[in-house]
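Residue strings, one per chain:
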Amino acid sequence: MPILVQRMLIRETASDGRLFRIVHADEVGETLWLFDLHDKTWPTPYHREQLRTAFLCDAPSLKVEYDEPFPVRHALDKTDSAADRAHDRQWKIITELLSNNGAQKLLYRSTRKAAIDKTAETIGVTRPTVVAAIMRYWQRGMTFNAVRPDYAKCGGPGKLRNIDRGVKVGRPRNIAPGIGVSVDDALRRWMQIGADHYFRMKRRSLPGALEYVARIKVPEKLEELLAGKRQTIEELPTLRQFGYFVRQTYPLSRRYRGRFGQKQFDLTARPITGKAEQNAIGPGDRFEVDATVADVYLRSRFDRRRIVGRPIIYFVIDAWSRLIVGLYIGFEGPSWIGAMMALTNMITPKVEFCREFGVDIEPHEWPSHHAPRTILADRGELMNVRTGQKIEELGIAIGNTSPGRGDLKSIVESRFRIVPSIFGPFTPGYVEPDFNTRGARDYRLESAMNLDEFTKIVIEAVLEHNQEPVDGIEAPTEMTTEGLDQTPINRWNWGIPRNSGSLSELSLDEIALAVMPLDKARVTEKGIRFKGGYYTCDLAERDEWFHKARSNGEWPVDVSYDPRSLEKLYIWQKQLATGYEACKLLRSSLDRHGMSLSEVEEKGLAARRLEASGDAIRLAKRVRTDAAMEQIEKAAKAEAKALDDPNASNASRLSGIRENRAEEKQRQRSFEKFDLAPEITPPTAPAAPHADESTDRHRERFRALLKQQDGDDE
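In this report, the structure presented in the accompanying data block is examined. Remember, predicted model here, so these are calculated numbers, not experimental data.

### Structural notes on the packing of helix 6 (residues 185-200) against helix 9 (residues 239-249)
So, step 1. Relative orientation of the contacting elements helix 6 and helix 9 amounts to 75°, with a least axis distance of 10 Å. By the angle between their axes, helix 6 is roughly perpendicular relative to helix 9. Along the contact surface, helix 6 presents Arg188, Met191, Gln192, Gly194 and Ala195, while helix 9 presents Gln241, Phe242, Phe245, Val246 and Thr249.
So, step 2. Its residues assigned to classes, the contact of helix 6 with helix 9 shows five nonpolar, four polar and one charged.

As structure tokens, this is what we get:
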């Protein structure tokens, strides 16, 4: 049998059994008073043995009930609301009624009336109010909150009201003219039209949406208002009514998305219920890559007098440990080239990397030189499909974030705030937030460092970051037990043997070939053509590719290249032992030695622009030349027509061509011969006995024609 105590619920086992609460027990515990929660009659006494029998018989008629039928509303803080005031009044009645052994007096009819009347007189309420208070107290659990009124259920909260009476409900106007209009279903339909327009507007405003409703609902009355025939339009809702309708109809998230778009909502307003590292199970499970423009101006390495602008910083960070595992600082990007250099640095031993910039470290100070299972980067930088395939062949999955969703890489994004806070005070030319504001210093003039010096100071800041405890991250219990701080290096070293099977070793050649862009080149008779230049390699010369291209036609080949220098290509061929072979520029393309892809493209663009700028002049010259040749053609045809015998046959006109050509050649020689001493005149030959006057006349015309051409050329 269960132990029977006050406030316990007991239910009859019958299908329609009543529910009782033990509200009192006598001093020796032999008599218990049970209160029927639903009939709310005065408590009935039962002997403990009687209840014991009901519980322990073969067919028990009573059982313990564990679920309260009346959930009690709990209030954390008291306010001056009507509910709190009513609650205090009810509790005051209960405390007065139960004082001085009042609970026992209520159980007996002989003392009950006097106790109730005394309490009613003391508090200043009626007898039914006191009875209702004690009945509620017993019914709902005999606690302070048991007598709290159910005001929350009053008024039909959340239910729309359709006011069909003629009288305006709500607070009357005391400033604006007119009475106003109550909100009914018809007005809600118009406000729904305004709300739809509100979310479609480019520059959204509630007044603008309400004006749209007025424009389509009551255009005639608007004209009357402008003409002074009326002072107000009662059929329109007020701006306050319209704003209330929008707030009640659309949840805050819907209103935010409607005004600013889904992307902005995801970035700045969505609930943050997870953790940035919750999907990373250990070191190397996910690396995040991102870039930013550094807030510092640098000077040239080659001429410190020149200010060269702000560099780009790339970080590669392990999501689980927060260790910065890769770094690149330069003027490339943010672009694929910058990401390529950062990924290359990711697998580079950091002792050698730091030594290049004069920083000596031990391997345990920056232990990362591995490839991860997944790389998460911006959409634009790792979106090259073919390059992504090459990286995935190394066992690295590529993930890209949505456009404008920097929050999806929050871990690496936050490092662009944390690391600069370390090196900023020691960096001349560091740009403060007041840059370009009135009265602020021009930080560009304070610049002093070059790229190498800035890289060195960032390396020092990264080394410090990797040794500082990480805030806002939950530490594994075992790590805390071992007494290890939550520094990135401690998490990295602790997590590798326990939670990581994702790290892998890659050579510099493997990662370089994987991250370099892939493209198509073409084998031609002049060489392997790529971006306008021609290359060759041992394989092409050994297998006579260029001869085959001229004899059988051209064909494409896959190549990798470094956009920063087109001096070499890396051609992919399966029959090679390494799978690729380096190609060098042919002598005919040595003009692009040392040129980058952007410089080659810029040179080609400049050449095309120059060619395009001369198109009009060349067209004018071609037109003038065509006109001159056409004039010569017409003159020759006219003279030939004048001299030709129209009655001569074709055979007679074609006869003697060989003799005529020999004679013409002999005469042409006399015109073209070199005469370097014109003052010496040879003896005059006797005239030919059969000189043909027509021949002399042709000679003179030919000379005149030559002089005319010489004049045109001048």
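Here the narrative resumes, following the displayed structure.
### A short note on the sheet that holds strand 4 (residues 44-47)
So, step 1. Taking strand neighbours across the sheet as the criterion, the five strands line up as 4-3-2-1-5 in an open arrangement whose pairing is antiparallel. Sheet topology places strand 4 and strand 5 (62-65) at the edges, where each strand pairs with a single neighbour. On average, adjacent strands in this sheet sit at an angle of 40° to one another, irrespective of strand direction.
So, step 2. Sheet strands in contact with helix 1 (residues 48-56) are strand 1 (9-12), strand 3 (31-36), strand 4 and strand 5, and its direction is about 75° off that of strand 4.

### Brief notes about the pairing of strand 10 (residues 324-330)
So, step 1. Counting buried positions along strand 10 yields seven of seven residues, so the element is predominantly enclosed.
So, step 2. Pairing between strand 9 (residues 312-318) and strand 10: six bridges, direction antiparallel. Note on strand 10: the bridge partner recorded for Tyr314 is Tyr328.
So, step 3. Taking the residues that link successive antiparallel strands as the turn, the strand 9-strand 10 hairpin has five residues, and the phi of Arg322 there is positive, at about 70°.

### Looking at the sheet that holds strand 13 (residues 518-524)
So, step 1. Spatially, 13-14-15-18-17-16 is the arrangement adopted by the six strands of the closed barrel, whose pairing is antiparallel. Adjacent strand axes in the sheet meet at a mean angle of 45°, parallel and antiparallel pairs treated alike.
So, step 2. In terms of strand pairing, strand 13 meets strand 16 (residues 555-562) through six bridges, oriented antiparallel. In the strand pairing of strand 16, Arg522 is matched with Pro556.
So, step 3. Each of strand 13, strand 14 (527-530), strand 15 (533-536), strand 16 and strand 17 (565-572) is contacted by helix 20 (residues 545-552), which is oriented at about 70° to strand 13, the strand it contacts most.

### Quick notes on the environment of Pro43
So, step 1. Counting through the fold element by element, Pro43 comes out in the loop between strand 3 and strand 4.
So, step 2. Judged by relative accessible area, which is 6%, Pro43 ranks as buried.
So, step 3. For the pair Pro43 and Ile22, spaced 21 residues apart in sequence, the C-alpha separation works out to 8.7 Å.
So, step 4. Apart from residues lying up to four places away in sequence, Pro43 is in contact with Val23, Trp33, Leu34, Phe35, Leu107 and Trp138.

### Observations concerning the pairing of strand 13
So, step 1. Bridge count for strand 13 against strand 14 is three bridges, and the pairing is antiparallel. Each bridged residue has a counterpart across the sheet, and for Val523 the counterpart in strand 14 is Ile528.
So, step 2. Following strand 13, the chain reverses through two residues before pairing antiparallel with strand 14.

### Here's the deal with the pattern of salt bridges
So, step 1. The final tally for this structure, using the stated rule, is 25 salt bridges.
So, step 2. Note that Glu482 and Arg498 form a salt bridge whose closest N and O atoms lie 3.3 Å from each other. On the criterion of sequence distance, the pair formed by Glu482 in the loop between helix 16 (477-481) and helix 17 (488-499) and Arg498 in helix 17 is long-range, its members being 16 residues apart.
So, step 3. The exposure class of Glu482 is partly exposed, given its relative accessible area of 43%.
So, step 4. A salt bridge links Lys531 to Asp519; its shortest N-O distance comes to 3.5 Å.

So, how was this worked out
- Residues numbered from 1 in each chain as written.
- Predicted model: local features only at pLDDT ≥ 70, side-chain atom pairs only at ≥ 80, totals over all residues.
- Heavy atoms only, no water.
- Axes fitted to C-alpha atoms, helices over the stretch in contact; angles between N-to-C directions.
- Helix = DSSP H or I, 4+ residues; strand = E, 2+ residues; numbered from the N terminus.
- Parallel < 35°, antiparallel > 145°, perpendicular 65-115°, else oblique.
- Contact = heavy atoms within 4.5 Å.
- Nonpolar A, V, L, I, M, F, W, Y, C, P; charged D, E, K, R; others polar.
- Pairing = 2+ DSSP bridges.
- Buried < 20%, exposed > 50% of the residue type's maximum accessible area, 1.4 Å probe, protein only.
- Salt bridge = Lys/Arg side-chain N within 4 Å of Asp/Glu carboxyl O.

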